[in-house]
Amino acid sequence: MCALRVLAQFDPQIGHYMYLPTAYNPAAVGEGDMMKVAGMHRMQLVGITNAPMTTYFYFGSPFVIGKTRHGAGVRFMNDQYGLFYTQSVYGQYAYRQKLGKGYLSIGVELGISNVGFHGDSVNLDKLSGSEYHVSDPVVPSGDMSGVGFDMSAGIYYSCPTWFVGASYSHVTQPYIEWKSQQTQTDNIVGITLIGTMYVHGGYNWRLKHHRDFVMQPSLLLQTDFSSWDITLAWMTEYKERYRWGLSYRIAANVGVYLGMDIISGLSIGYCYELPTSKLLLESFGSHELYLAYQFNILRPKRNNRYKSVRYL
């Protein structure tokens, strides 16, 4: 007999990571001079039963206090994966300091996560034809969930041509205790949210002889210091309206991106990812839809007063 401890990914994968940096770095909240509302819906590994499905929503805005700049926002996430689910809400704040041609931001987020398990959906009869394997006291028979306080922190620098950031999620590594909501039992289990470090960056490169085209390479590294994951992407933007590109997540998948600005400030994007592992034999790939709207709230104040040379 032996006992093994198994760890797996907790935070969901996001294909449009280059457009949703606040999903993993709170210091990116309030970037630029635009108020932003953004959302994402991801269907991962379509074709596999109980495959992950993630919905993400974010609202953030920059603001000024005296001569200092700040950013604040809120993000929501609903993540379903197998018989597990996570529903979370976080408030974000960042202090922004002018540095060179851009801004250096230091941010923090505080929130709660409700993590649960649909034990009433477990069917052990399908796992074995034996009459001796019809129940397991360790596997919950009812819906179990728990709520825990969570915290993340990060640092972020952005300027017109490039950006880079680093953050650490689940700083407090909260332990969320589960207890059945249907039955009274002393069998209490739980889950610990292991911290993850994110390092991300990107560059905007406008072609010298074709000024309408902007190349946008980017990178996202994730690690819990036991394993690591790297995603590389190359986006192309045309006339600041149309976008397309490719991505590669090492030993996991390749992706194709399409996007455009429907009207001024309103953007839509689609990502299709195909597994590069043996999951390709079982899945039709992953689909992700991205939608965002942003508008300027820090425009210079208009001065309606004017002088005429006739009255000087």
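Residues numbered from 1 in each chain as written. Predicted model: local features only at pLDDT ≥ 70, side-chain atom pairs only at ≥ 80, totals over all residues. Heavy atoms only, no water.

Description of the overall build of the protein chain
And then number 1: When helices and strands are counted, the protein chain shows zero helices and 17 strands.
And then number 2: Out of the 312 residues in the protein chain, the part that is buried amounts to 40%.
And then number 3: Pairs at least 24 apart in sequence give 53% of the contacts found in the protein chain among residues at least 6 apart.
And then number 4: When the accessible surface of the protein chain is totalled, it reaches about 18,600 Å², and 61% of it is carbon and sulfur. (Helix = DSSP H or I, 4+ residues; strand = E, 2+ residues; numbered from the N terminus. Buried < 20%, exposed > 50% of the residue type's maximum accessible area, 1.4 Å probe, protein only. Contact = heavy atoms within 4.5 Å. Areas by Shrake-Rupley, 256 points an atom, 1.4 Å probe, with all protein chains shown as cover.)

Examining unusual backbone geometry
And then number 1: For Phe-225, which is not glycine, the phi dihedral falls at a positive 70 degrees.
And then number 2: If you trace the backbone, Phe-225 turns up in the loop between strand 12 (213–223) and strand 13 (228–238).
And then number 3: Residue Phe-225 is classed as exposed on the basis of its relative accessible area, which comes to 59%.
And then number 4: Phi is positive for Ala-251, which is not a glycine, with a value near 60 degrees.
And then number 5: Judged by its relative accessible area of 60%, Ala-251 falls in the exposed class.

Some remarks on the confidence of the model for the protein chain
And then number 1: With 85% of its residues at a pLDDT of 70 or more, the protein chain has an overall mean of 86.
And then number 2: In the model, residues 306–312 has pLDDT below 50 throughout and makes zero contacts with residues more than four positions away in sequence or in other chains. (pLDDT = per-residue confidence, 0-100.)

Some thoughts on the side chain of Asp-261
And then number 1: In this fold, Asp-261 is placed in strand 15 (residues 253–263).
And then number 2: At 2.6 Å, the side chain of Asp-261 and the side chain of Ser-267 are in polar contact. (Polar contact = N/O pair within 3.5 Å; in protein donor to acceptor, adjacent residues only side chain to side chain.)

Observations regarding empty space enclosed by the protein
And then number 1: Evaluated as defined, the whole model comprises two cavities of 30 Å³ or more.
And then number 2: If you add up the space inside the largest cavity, you get close to 290 Å³.
And then number 3: Taken together, 27 residues make up the lining of the largest cavity; nearest its centre are Asp-11, Pro-12, Ala-23, Arg-75 and Tyr-198.
And then number 4: Secondary-structure elements contributing two or more residues to the lining of the largest cavity are strand 3 (68–81), strand 4 (84–99), strand 5 (102–118), strand 6 (143–158) and strand 12.
And then number 5: Per element, the largest residue contribution to the lining of the largest cavity is four residues, and it comes from strand 4.
And then number 6: Roughly 50 Å³ of internal volume is contained in the second largest cavity.
And then number 7: Around the second largest cavity, the lining residues are Gln-13, Ile-14, Gly-15, Thr-231, Ser-247, Tyr-248, Arg-249, Asn-253, Tyr-257 and Glu-273.
And then number 8: Put simply, the parts of the chain that give the lining of the second largest cavity at least two residues each are strand 14 (242–249) and strand 15.
And then number 9: The biggest single contributor to the lining of the second largest cavity is strand 14, with three residues. (1 Å grid on protein atoms, 1.4 Å probe; cavity = no way out; pocket = protein on both sides within 12 Å on 5 of 7 lines; lining within 4 Å. Points joined across faces, edges and corners; volume = space filled by probe spheres on them.)

Side note on the packing of aromatic side chains
And then number 1: Scanning the model with the defined rule gives 13 aromatic pairs in all.
And then number 2: Taken together, Tyr-81, Phe-84, Phe-117 and Trp-178 form an aromatic cluster joined through their ring pairs.
And then number 3: The aromatic ring of Tyr-103 is capped on one face by Arg-96, whose charged end is 4.7 Å from the ring centroid. (Phe/Tyr/Trp six-rings, centres within 6.5 Å; stacked < 30°, edge-to-face > 60°. Lys NZ or Arg CZ within 6 Å of the ring centre and 35° of its normal.)

Digging into the pairing of strand 5
And then number 1: Here strand 4 pairs with strand 5 via 16 bridges, running antiparallel. By the bridge assignment for strand 5, Ser-88 is matched with Ser-113.
And then number 2: Connecting strand 4 to the antiparallel partner strand 5 that follows it, the hairpin turn spans two residues, and Gly-100 within it adopts a positive phi of roughly 65 degrees.
And then number 3: In terms of strand pairing, strand 5 meets strand 6 through 16 bridges, oriented antiparallel. (Pairing = 2+ DSSP bridges.)

Observations concerning the nonpolar core
And then number 1: If you look at the biggest cluster of nonpolar residues, it comprises 22 residues, and the most contacted ones within it are Met-18, Leu-20 and Tyr-56.
And then number 2: At the level of elements, strand 1 (34–43), strand 2 (53–65), strand 13 and strand 17 (286–296) are the ones that each hand at least two residues to this core.
And then number 3: Every residue in contact with Met-18, bar those within four places of it in the chain, is listed here: Tyr-24, Ser-218, Ala-233, Met-235 and Tyr-257.
And then number 4: Within the second largest apolar cluster, eight residues are counted, among which are Phe-10, Val-115, Ile-176 and Trp-178. (Core = buried A, V, L, I, M, F, W, Y, C linked by side-chain atoms within 4.5 Å.)

Considerations on a nonpolar patch on the surface
And then number 1: Taken together, the side chains of Trp-228, Tyr-248, Ile-250, Val-254, Leu-274 and Leu-280 make up a nonpolar region of the molecular surface, amounting to roughly 530 Å² of accessible area.
And then number 2: Taking the relative accessible area as the measure of exposure, Leu-274 reaches 30% and is therefore partly exposed. (Patch = residues over 30% accessible without salt bridge, like charges linked within 9 Å, V, L, I, M, F, W, Y side chains within 5 Å. Salt bridge = Lys/Arg side-chain N within 4 Å of Asp/Glu carboxyl O.)

Considering the pattern of salt bridges
And then number 1: Here the structure, examined in full by the defined rule, presents eight salt bridges.
And then number 2: Here Asp-229 ties to Arg-249 by a salt bridge, and the two come within 2.8 Å at their closest N and O atoms. Separated by 20 residues along the polypeptide, Asp-229 in strand 13 and Arg-249 in strand 14 bring together distant segments of the chain. In this structure, Asp-229 and Arg-249 share a single accessibility class: buried.
And then number 3: Ionic pairing is found between Arg-243 and Glu-237, a salt bridge with its closest N-O pair at 3.3 Å.
And then number 4: The buried category is assigned to Arg-243, whose relative accessible area is 10%.
And then number 5: A relative accessible area of 14% places Glu-237 in the buried class.

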